[in-house]
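Read off the chains here:
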There are 2 protein chains.
Amino acid sequence: MITSTANQKVKELVQLQKKSRARNQAGVFTVEGIRMVREIPKDRLEKLYMTEEFYNKCKCELPERCIEMVSPQVFSYISDTKTPQGVLAVVRRRRWSEKEIYGDGQAHILVLDNLQDPGNLGTIFRTAEAAGVTGLILSSDCVDIYNPKTIRSTMGAVFRMPFIYVENLPDAIAELKKTGVKVFASHLEGKNAYDRESYLGKTAFLIGNEGNGLRREVADCADVWIRIPMAGSAESLNAAVAASVLMFEVSRQRRQQE
Amino acid sequence: MITSTANQKVKELVQLQKKSRARNQAGVFTVEGIRMVREIPKDRLEKLYMTEEFYNKCKCELPERCIEMVSPQVFSYISDTKTPQGVLAVVRRRRWSEKEIYGDGQAHILVLDNLQDPGNLGTIFRTAEAAGVTGLILSSDCVDIYNPKTIRSTMGAVFRMPFIYVENLPDAIAELKKTGVKVFASHLEGKNAYDRESYLGKTAFLIGNEGNGLRREVADCADVWIRIPMAGSAESLNAAVAASVLMFEVSRQRRQQE
């Protein structure tokens, strides 16, 4: 059992928890809590750090080969949460292919431009899975999906939703259009209400930054600018909410057609 | 200018920022930042605390009668944010009537049962305004809408959206039904997909707690249980996302009928 915070593994873990660069170099990320740990694909689990108390409660459902015990003090030290459950996993990353992002049926893709809020990004992953999105494309300056707060708010969708970070969003959007995907920019200056469009064909939505919306050069790549009509004095929607309304409109239209 | 954190007004402000009880007793709440301050209805503004730097930038647009200057050190001390803008307002609360919650046209009401996340509640207020919700009814054990984090995420909707906290949600729902409001429970066990129902008449949605959903005794008050169909391995949606999808379905149906 590791009982000292000066232990080399503990030091490395803290780096993984706090620094995106350390996570990138190692090609892994961390998740905490039994609900998230249960969802890890078995072939991607590298290591499980846990307290004795947690081990005694849940051992039967965990693969022994990966387990490393740590003292409660050490666990508090490595944990990103205020009231840790006593289990933290190191998970290997996966590279998704373009084909996986397009999905088996009609493509339903979200393109995220410079999204900055970790909670928003996590919520978008979680909602995307529920709404039948086939994959996500993120600009390289979006917040890190492997941020522990983001990971938590995906509720496990991060293990299952195909996604890719790209350096050049306009290029990636051009690729989408070449394969017949119709690209809709969610924009406050959009002319058409979102629900007047058909999303039965291959569809992608461009979603912009929380404060500034889509960058002009990204919005200009879209086939159509759409808006979500708003009542009252509301000036805009939270980015995750706007994305959710659009994703579930696709889902609604496709279900009605079945 | 107030330059000491030992000043009595400063002590009271910190209580207002941190303690819901202090806010309740005083019948006020606090908001920070120029964007939120601009949205305060004039007759409800009690006091504006600001730094000299902020005053020199924005004085022309602020009512002199309410202004109290504080030093940058004192401002950092009273502020709830990491990088304060230098303006904090104390705002009087408003009691909304039942009539205001029902609105002028067809009622479109959200009923929130034991919602616990401050950000979720703020986002729901913000989205509700944009979706044309007429008012919100909250169980008394919901998170405090006057929590500074919640206030911030309403983006000003808290000043404009009629809402009320009630001790007994089943009684409040019974009242809704008496006036002809159809009550839909958003429930994972709902039989009908939400988009197969009509929301052209008076409508209310029951939205449950983030972890546990609706309490049984609350869900049982509904006329209909509905669900949002989910793809993949997704088990549930974030409460604010679920509420948003439902609210914008009402908005969509009512616009299409126009």
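Residues numbered from 1 in each chain as written. Chains lettered and ligands numbered in written order. Predicted model: local features only at pLDDT ≥ 70, side-chain atom pairs only at ≥ 80, totals over all residues. Heavy atoms only, no water.

Participant: Can you walk me through the relation of the copies chain A and chain B in this structure?
Facilitator: In summary, the two copies of the chain are related to each other by a rotation about an axis coupled with a shift along it. With an RMSD of 0.0 Å, the operation that places chain A on chain B is a rotation of 180 degrees combined with a shift of 0.0 Å along the axis. Between the two chains, the operation in question is that of a two-fold axis. A share of 100% of interface residues in chain A that are also interface residues in chain B marks the association as one of identical surfaces. (Least-squares fit on C-alpha atoms with pLDDT ≥ 70 in both. Contact = heavy atoms within 4.5 Å.)

Participant: I would appreciate a short explanation of the sheet that holds strand 5 (residues 108–112) of chain B in the present structure.
Facilitator: All names here are of chain B. Read across the sheet, seven strands follow the order 7-6-5-10-8-11-9 without closing on themselves; strand pairing throughout is parallel. Both edges of this open sheet fall to strand 7 (163–166) and strand 9 (192–193), since each of them pairs with a single strand only. Here helix 12 (residues 239–257) sits on the sheet in contact with strand 5, strand 8 (182–186), strand 10 (203–207) and strand 11 (224–227), set at roughly 170 degrees to strand 10. (Pairing = 2+ DSSP bridges. Helix = DSSP H or I, 4+ residues; strand = E, 2+ residues; numbered from the N terminus. Axes fitted to C-alpha atoms, helices over the stretch in contact; angles between N-to-C directions.)

Participant: So what exactly am I meant to see when it comes to the packing of helix 11 (residues 239–257) of chain A against helix 12 of chain B here?
Facilitator: Between two packed helices, the angle of one axis relative to the other and the distance separating the axes together describe the packing. The N-to-C vectors of helix 11 of chain A and helix 12 of chain B enclose an angle of 65 degrees; their axes lie 9 Å apart at closest approach. For helix 11 of chain A against helix 12 of chain B, the interelement crossing comes out right-handed. Facing Val 241, Ser 244, Val 245, Phe 248, Glu 249 and Arg 252 of chain A of helix 11 of chain A, the residues of helix 12 of chain B in contact are Val 241, Ser 244, Val 245, Phe 248, Glu 249 and Arg 252 of chain B. Here the contact of helix 11 of chain A with helix 12 of chain B is built from residues that sort into six nonpolar, two polar and four charged. (Left-handed = near helix turned anticlockwise from the far one by under 90°. Nonpolar A, V, L, I, M, F, W, Y, C, P; charged D, E, K, R; others polar.)

Participant: Explain the nonpolar core here, please?
Facilitator: The tendency in soluble globular proteins is for nonpolar side chains to be buried side by side. Ranked by internal contacts, the top residues of the largest apolar core, which has 124 residues, are Val 31, Leu 112 and Leu 136 of chain A together with Val 31, Leu 112 and Leu 136 of chain B. Once residues within four sequence positions are removed from consideration, Leu 112 of chain B is found in contact with Leu 121, Ile 124, Leu 136, Ile 137, Leu 138, Ser 139, Cys 142, Leu 169 and Ile 207 of chain B. (Core = buried A, V, L, I, M, F, W, Y, C linked by side-chain atoms within 4.5 Å. Buried < 20%, exposed > 50% of the residue type's maximum accessible area, 1.4 Å probe, protein only.)

Participant: Would you mind going over unusual backbone geometry with me for this structure?
Facilitator: The phi angle of most residues is negative, glycine excepted, and most peptide bonds adopt the trans form. Unlike most non-glycine residues, Met 155 of chain A shows phi in positive territory, near 55 degrees. Structurally, the position occupied by Met 155 of chain A is in the loop between helix 8 (148–154) and strand 7 (163–166).

Participant: Just to check I follow, could you spell out the pairing of strand 1 (residues 28–32) of chain B for this structure?
Facilitator: Within a regular strand, the side chains alternate between the two sheet faces. All names here are of chain B. Most of strand 1 is tucked away, with five of its five residues classed as buried. Every second residue of strand 1 is oriented toward a common face, with Val 28, Thr 30 and Glu 32 on one face and Phe 29 and Val 31 on the other, all of them buried. Pairing of strand 1 with strand 4 (residues 87–92) involves five bridges; the strand directions are antiparallel. If you follow Phe 29 over to strand 4, its bridge partner there is Val 91.

Participant: Would you mind going over the environment of Ala 185 of chain B with me for this structure?
Facilitator: Residues and elements named next belong to chain B. Here Ala 185 lies in strand 8. The class of Ala 185 is buried, set by a relative accessible area of 0%. Sequence separation of Ala 185 and Asn 120 is 65 residues, and the distance between their C-alpha atoms is 18 Å. The contacts of Ala 185, once residues within four sequence positions are left out, are Leu 206, Leu 214, Ala 219, Ala 222, Val 224, Trp 225 and Ile 226.

Participant: What is the right way to look at the sheet that holds strand 6 (residues 135–139) of chain A in this model?
Facilitator: Backbone hydrogen bonds hold the strands of a sheet together, and the pairing may be parallel or antiparallel. Residues and elements named next belong to chain A. Spatially, seven strands are ordered 7-6-5-10-8-11-9 in an open sheet, and the strand pairing comes out parallel. The open sheet terminates on both sides in strands that have one partner only, identified here as strand 7 and strand 9 (192–193). Pairing between strand 8 (residues 182–186) and strand 10 (residues 203–207): four bridges, direction parallel. Paired with Val 183 across the strands is Ala 204, a residue of strand 10. Helix 11 rests against strand 5 (108–112), strand 8, strand 10 and strand 11 (224–227) of the sheet, and its axis sits at about 170 degrees to strand 10.

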